[in-house]
Amino acid sequence: MIDSKSPPVDRIPPGIRGAEDYETLAAQHLAAPTLAYLAGGSGDDRTLRWNREALDRARLKPRVFARLDHASTTVTVLGRPLAHPLLLAPVACQGLVHPGAEVDIAHGAAATDTPLVLSSLATRPLEEVAAAATAGWWYQLWLGADRTDSLARLRRAERAGCSAIVVTVDAAVQLPSRRALRAGFTMPPGLSADPPPCFAHADTPFGRYRAAAVRREDLCWLVETSTVPVVVKGILHEADAGVCRELGVAGVVVSNHGGRTIDGVVASFDALPRIRSVLGDTCAVLFDGGVRSGADVLKAIAAGADAVLIGRLQIFALAVAGALGVAHMLKLLREELALTMAVTGCADLRTARDADLFVTGRGAD
Ligand SMILES: Cc1cc2nc3c(=O)[nH]c(=O)nc-3n(C[C@H](O)[C@H](O)[C@H](O)COP(=O)(O)O)c2cc1C
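Everything numeric in this text was worked out from a predicted model, so none of it was measured.

1. A closer look at the overall build of the protein chain
Looking only at helices and strands, the protein chain features 13 helices and twelve strands. Over its C-alpha atoms, taken along the principal directions, the protein chain stretches across nearly 60 × 50 × 40 Å. A total of 365 residues make up the protein chain; the buried ones form 52% of that total. Taking as baseline every contact in the protein chain between residues at least 6 positions apart, the subset at least 24 positions apart corresponds to 74%.

Here it is as structure tokens:
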């Protein structure tokens, strides 16, 4: 089942200087088609590229006389204090790159006080992952047309101790990755631990969309039914953020699915400030898309996020060195974040939004 060039190692590989080095190193451990599937975005990777470019365009503006006596990376998300603002994003089918799959991810996350969001398309049973995820975990749900199935998944996750439900709303239909198609990637059959959510069959894109899209009434139902806070993942338009707030969700993830749904949509970093300004402090605002360093994390927080989700870097670290790689990658990100905070004079992430920490666009050049 594992499709790797050289198997994952059980030590931290030499030469890793920063979290993003795991991305480069992963190429040595993954077969080309698998790498193309993981790394690629929808279509020709434009949005994927824009995610990175938007973060790169933002340039930090240090304050050198700040007092850092009580500086810390702590934040509060959904009412819970976290040691740092990093969470692991839901990433499907992790058994594709490592036999430990989501359980190893959970061990790596636990070792670094990092909560994780477990995908509904996990390759290991959620109870096993929950037992390892001692720093907390949220469950990502695809709200399919079948409420009986959604309810069963919700209750199972609640029983296993998840502390939030994340509903992904941006992937009802996806334009495939040309990079993955060219590389000949196909998903090995039988990877998923649970049957995927069943969506009614439909022939046209509109039909497929209607069968799988999350409607307002579905969200209302979920908010009423769930015993834990509901977070909506995949918001890019500030009007949709307003709808989420009206429907009583506890938080949104500003995300374009790592550029994997439709090529040509806006970079998530560019959508973030307006969404925060519409929501104010009424909802948690999380962010993902293109984060590869601690400086990226600080930029996202200064632009309006309470916390940041890490997608591809976790699967690359898993492919390279299993749980150890995941823990090491997260440790590096945390250290990079703390260092960037020190250099920019940011003592408290909760006030970073008001600190005028970066310039962007033409002003950056
Ligand atoms: C291989 C892969 C699988 C993914 N699977 C899911 C998923 O099952 N559910 C989901 O909501 N998002 C999924 N995502 C999107 C991530 O949660 C996240 O939004 C994205 O990876 C963030 O961008 P980054 O990879 O640049 O950090 C997946 C992303 C990748 C790369």
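We are not done yet, so read on.
2. Let's talk about the site of the ligand
Neighbouring the ligand are 22 residues, the closest being Ala89, Ala92, Gly258, Gly311 and Arg312. The residue inventory of the shell around the ligand, partitioned by class, reads eight nonpolar, ten polar and four charged.

3. Points about the nonpolar core
The biggest cluster of nonpolar side chains holds 117 residues, and the ones touching the most others in it are Ile165, Val167, Val231, Val252 and Val308. Among the elements that make up this core, the one with the highest residue count is helix α13 (residues 312–344) (18 residues). Once residues lying within four places of it in the same chain are set aside, the contact partners of Ile165 are Trp138, Tyr139, Leu141, Leu154, Ala157, Leu222, Ser226, Val228, Val230 and Val231.

4. A few points about unusual backbone geometry
A positive phi angle, close to 70°, is found at Asp45, a residue other than glycine. Tracing the backbone shows Asp45 in the loop between α2 (32–39) and α3 (46–57).

5. Digging into α13
Look at α13: only 27 Å from first C-alpha to last across 33 residues, short of the 48 Å you get at 1.5 Å a residue. The axis of α13 is deflected most strongly, by about 135°, at Ala321. The buried count for α13 comes to 27 of 33 residues, which makes it a mostly enclosed element.

6. Notes on the pairing of strand β9 (residues 251–254)
The alternating pattern of β9 places Gly251 and Val253 on one face and Val252 and Val254 on the opposite face, and all of these are buried. As paired elements, strand β8 (residues 230–235) and β9 share four bridges and run parallel to each other. The partner of Val231 across the bridge, within β9, is Gly251. Between the parallel elements β8 and β9, the chain passes through helix α10 (residues 238–246) in a crossover that is right-handed. A crossover connection joins β9 to the parallel strand β10 (residues 284–287) through helix α11 (residues 268–279); in handedness this β-α-β unit is right-handed.

7. What to know about helix α4 (residues 101–111)
Counted residue by residue, α4 has nine buried out of eleven residues, so it is predominantly covered. Of the residues making up α4, those classed as buried are Ala101, Glu102, Val103, Asp104, Ile105, Ala106, Gly108, Ala109 and Ala110. Looking at the buried side of α4, the elements it contacts are β4 (86–88), β5 (116–118), α5 (126–132) and α13. A positive backbone phi angle near 55° is found at Asp113, which sits one or two residues after α4.

8. Looking at the environment of Cys220
Among the structural elements, Cys220 can be located in helix α9 (residues 216–225). Remark: the alpha-carbon pair of Cys220 and Gly248, spanning 28 residues in sequence, is separated by 7.8 Å.

9. Considering the environment of Phe65
With respect to the helices and strands, the residue Phe65 is situated in the loop between β1 (59–60) and β2 (75–77). Residue Phe65 is classed as exposed on the basis of its 5 C-beta neighbours within 10 Å. Spatially, the C-alpha atom of Phe65 lies 7.1 Å from that of Gly345, the residues being 280 residues apart in sequence.

10. Regarding the packing of α4 against α13
At a minimum axis distance of 7 Å, the contact between α4 and α13 shows a crossing angle of 25°. In this view, α4 runs roughly parallel relative to α13, as classed from their interaxial angle. Along this stretch, α4 crosses α13, giving a crossing that reads as left-handed. Each of Asp104, Ile105, His107, Gly108, Ala109 and Ala111 in α4 lies in contact with α13, whose residues at this interface are Gln314, Leu318, Gly322, Ala323, Val326, Ala327 and Leu330. Taken together, the residues of the contact of α4 with α13 break down into eight nonpolar, four polar and one charged.

Analysis parameters
- Residues numbered from 1 in each chain as written.
- Predicted model: local features only at pLDDT ≥ 70, side-chain atom pairs only at ≥ 80, totals over all residues.
- Helix = DSSP H or I, 4+ residues; strand = E, 2+ residues; numbered from the N terminus.
- Buried ≥ 20, exposed ≤ 12 C-beta atoms within 10 Å, placed from the backbone.
- Contact = placed C-beta atoms within 7 Å.
- Near = placed C-beta within 6 Å.
- Nonpolar A, V, L, I, M, F, W, Y, C, P; charged D, E, K, R; others polar.
- Core = buried A, V, L, I, M, F, W, Y, C linked by C-beta atoms within 7 Å.
- Expected span 1.5 Å × (residues − 1).
- Bend = angle between axes of the 7 residues up to and from the residue.
- Pairing = 2+ DSSP bridges.
- Right-handed = clockwise from strand over helix to strand, strands pointing away.
- Axes fitted to C-alpha atoms, helices over the stretch in contact; angles between N-to-C directions.
- Parallel < 35°, antiparallel > 145°, perpendicular 65-115°, else oblique.
- Left-handed = near helix turned anticlockwise from the far one by under 90°.

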